[in-house]
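One-letter residues, chain by chain:
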Amino acid sequence: MLIKIYPQNPNQKEIDKVVHILREGGLVIYPTDTVYAIGCDALNVRAVEKICQIKGINPQKSNLSIICYDLSNLSEYAKVTNAAFKLMRRYLPGPYTFILPTSGELPKIYKKRKEVGIRVPDNDIIRAIVKELGNPVMSTSIHDDDEFIEYTTDPELIYEKYEHLVDLVIDGGAGGIEPSTVVDCTTDNFEIIRQGKGEITF
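What comes next concerns the included structure.

Calculation criteria
- Residues numbered from 1 in each chain as written.
- Predicted model: local features only at pLDDT ≥ 70, side-chain atom pairs only at ≥ 80, totals over all residues.
- Heavy atoms only, no water.
- Helix = DSSP H or I, 4+ residues; strand = E, 2+ residues; numbered from the N terminus.
- Contact = heavy atoms within 4.5 Å.
- Buried < 20%, exposed > 50% of the residue type's maximum accessible area, 1.4 Å probe, protein only.
- Arc of directions from axis to C-beta.
- Expected span 1.5 Å × (residues − 1).
- Salt bridge = Lys/Arg side-chain N within 4 Å of Asp/Glu carboxyl O.
- Polar contact = N/O pair within 3.5 Å; in protein donor to acceptor, adjacent residues only side chain to side chain.
- Pairing = 2+ DSSP bridges.
- Axes fitted to C-alpha atoms, helices over the stretch in contact; angles between N-to-C directions.
- Core = buried A, V, L, I, M, F, W, Y, C linked by side-chain atoms within 4.5 Å.

## Notes on the environment of Leu-92
Structurally, Leu-92 is set in the loop between α4 (82-91) and β5 (96-101). Counting along the chain gives 109 residues from Leu-92 to Thr-201, while the straight-line C-alpha distance between them is 13 Å. Residues contacting Leu-92, with those up to four places away along its chain left out, are Leu-71, Phe-98 and Val-120.

## With respect to α4
Buried within α4 we find Ala-84, Leu-87, Met-88 and Tyr-91. The buried residues of α4 occupy an angular sector of 95 degrees when projected down its axis, which confines them to one face. Along α4, the residues that are exposed and aim more than 90 degrees away from the buried face are Asn-82, Lys-86, Arg-89 and Arg-90. Next to the buried residues of α4 lie α3 (74-77), β5, β6 (115-119) and β9 (181-184).

## Details of helix α1 (residues 12-23)
Helix length check: α1, at 12 residues, gives a terminal C-alpha distance of 16 Å against a target of 16 Å (1.5 Å per residue), a fit within 8%. For α1, the complete set of buried residues consists of Glu-14, Ile-15, Val-18, Val-19, Ile-21 and Leu-22. When α1 is viewed along its axis, its buried side chains cluster within an angular range of 160 degrees and face the same direction. Just past α1, the residue Gly-25 takes up positive phi, approximately 90 degrees.

## Some words on the pattern of salt bridges
Within this structure, the stated rule accounts for four salt bridges. Lys-17 is the partner of Glu-14 in a salt bridge, and the nearest nitrogen-oxygen pair spans 3.0 Å. With Glu-14 and Lys-17 both in helix α1 and three residues apart, this pair spans about one turn of that helix. Assessed through its relative accessible area of 36%, Lys-17 is described here as partly exposed.

## Focus on the side chain of Thr-32
Among the secondary structure elements, Thr-32 is positioned in the loop between β2 (28-30) and β3 (37-41). Residue Thr-32 is classed as buried on the basis of its relative accessible area, which comes to 10%. In this structure the side chain of Thr-32 is engaged in a polar contact, spanning 2.9 Å, whose partner is the backbone nitrogen of Thr-34. Here the side chain of Thr-32 touches Val-35 through a polar contact of 2.7 Å, landing on its backbone oxygen. Beyond its immediate stretch of four places on either side in the chain, Thr-32 contacts Ala-37, Arg-119, Pro-121 and Asn-123.

## Some words on the side chain of Thr-181
Tracing the backbone shows Thr-181 in strand β9. In terms of polar contacts, Thr-181 uses its side chain to reach the backbone carbonyl oxygen of Gly-198, at 2.6 Å. Ignoring any residue separated from it by four or fewer positions in sequence, one finds Thr-181 in contact with Pro-95, Tyr-96, Thr-97, Ile-192, Arg-194, Gln-195, Gly-196, Lys-197, Gly-198 and Ile-200.

## Considerations on the sheet that holds β6
Across the sheet, which stays open at both edges, the 10 strands sit in the order β1-β8-β2-β3-β7-β4-β6-β5-β9-β10 with mixed pairing between neighbours. Each having just a single partner strand, β1 (2-4) and β10 (191-194) make up the two edges of the open sheet. Averaged over all neighbouring strand pairs, the angle between strand axes comes to 35 degrees, with direction disregarded. Sheet topology places β1 next to strand β8 (residues 168-171); three bridges connect them, and they run parallel. Counted as the bridge partner of Lys-4 is Asp-171 from β8. Against the sheet, helix α2 (residues 45-55) engages β3, β4 (64-67) and β7 (137-141), with an angle of about 160 degrees to β3. The strands touched by helix α8 (residues 155-162) within the sheet are β1, β2 and β8, with β8 carrying the most contacts at an inclination of about 175 degrees.

## A closer look at the nonpolar core
Nonpolar side chains tend toward joint burial in soluble globular proteins. If you look at the biggest cluster of nonpolar residues, it comprises 42 residues, and the most contacted ones within it are Ile-29, Ile-66, Phe-98, Tyr-110 and Ile-118. When near neighbours in sequence (up to four residues on either side) are disregarded, Phe-98 contacts Leu-87, Met-88, Tyr-91, Leu-92, Val-116, Gly-117, Ile-118, Val-183, Cys-185 and Ile-200. Counting residues in hydrophobic clusters, the runner-up holds 19 residues, among them Ile-21, Val-28, Ala-37 and Ile-170.

What is shown is where atoms sit, not what they do.
Written out as structure tokens, the structure reads:
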């Protein structure tokens, strides 16, 4: 299924449709403030495993990222120091992934790595979905380095490629090509692991 949602004013009926699919353990492709991404309810382990399979991710070796609506429930999913929280508050919502130590609420699949990436994208579609769902969304970009750019920026082409792998693709307009900037905040010696769309100073 391919549905159109406008980023300026996401239609609640369409958001509810997406949330219903996520609650049922479904997989969804959606826009962010960087590239299009594939995600599921972050607390549904079977759905997380499905995404790892599609993307060829080994959760024991790769950091998994989750999208939160804001930073209010952050301590449920990650351990965050005052310094890291201040930094995140300054830059979020925005095109950043902050790596933090995991905390109690996340399923075991995240804990093998003992770290989780936290995203609060500056995109009203995915934030509305996360808010309505009440859980974070596990998220990984659909961008692959060897692909034609059009396949990762055009929702209709994304749908052609992924329609048999996911339950729904959201057309939220043209996607970007630059990934998020990844910042390691597991200690207070913050470090940029990947320079992406977002500029950041410590």
